[in-house]
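Below are the chains, spelled out letter by letter.
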Amino acid sequence: MAETFKIKKGDKVIVISGREKGKTGEVTSVLRAQRRVIVQGVNQVTKHRRASQSSPGGIEKIEAPLHISNVAHIDPDSKKPTRIGYDVKKGVKTRIARRSGKAIG
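Keep in mind that what you see is a predicted model, and the values were worked out from it rather than measured. (Residues numbered from 1 in each chain as written. Predicted model: local features only at pLDDT ≥ 70, side-chain atom pairs only at ≥ 80, totals over all residues. Heavy atoms only, no water.)

Colleague: Go over the sheet that holds strand β8 (residues 81-82) with me, naming the residues and quoting the values.
Modeller: The strand order across the open sheet formed by 6 strands is β6-β3-β2-β1-β7-β8, and the pairing between neighbours is antiparallel. The sheet terminates laterally at β6 (66-67) and β8, the two strands that pair on one side only. Where strand β1 (residues 12-15) and strand β2 (residues 24-31) come together, 3 bridges link them in antiparallel fashion. The residue of β2 that forms the bridge with Val13 is Gly25. (Pairing = 2+ DSSP bridges. Helix = DSSP H or I, 4+ residues; strand = E, 2+ residues; numbered from the N terminus.)

Colleague: Got a sec to walk through the environment of Asn70? Specific residues and values, please.
Modeller: Among the structural elements, Asn70 can be located in the loop between β6 and β7 (71-74). Owing to a relative accessible area of 22%, Asn70 belongs among the partly exposed residues under this scheme. Taking C-alpha positions, Asn70 is 8.6 Å from Lys21, a pair spaced 49 residues apart along the chain. Those residues in contact with Asn70 that sit more than four places away from it in its chain are Ile14, Val15, Ile16 and Ser17. (Buried < 20%, exposed > 50% of the residue type's maximum accessible area, 1.4 Å probe, protein only. Contact = heavy atoms within 4.5 Å.)

Colleague: Explain unusual backbone geometry to me, and be specific about the residues and the numbers.
Modeller: As a rule of thumb, non-glycine residues mostly have phi less than zero, and peptide bonds are mostly trans rather than cis. Phi is positive for Asn43, which is not a glycine, with a value near 60°. On the secondary structure map, Asn43 appears in the loop between β3 (36-39) and β4 (44-49). Residues other than glycine seldom take positive phi values, yet Lys79 does so here, at roughly 60°. Residue classification places Lys79 among the exposed positions, given a relative accessible area of 57%.

None of this, on its own, says anything about what the molecule does.
Shown next as structure tokens:
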């Protein structure tokens, strides 16, 4: 069975370690097999593209994946890193921030 992660596409996260520490952004994709996430505007690298019939080529910036352990959810109240918990009420499961208790996404 595939491993599940508490970080999903569209979540607001903060980088908690590494060269990009302190930067925030939205998760654009989760690479489950590699245990990595791509965060918008974070960990940008320069990619040299060869020209082809459909594109002129050149140098462009793209987001490289970060390991999932290096990012944490942002608390809706304090804007600080938080862990995620679950709350089940009337058969509806919601994700909550452990720091403040507020619902996430």
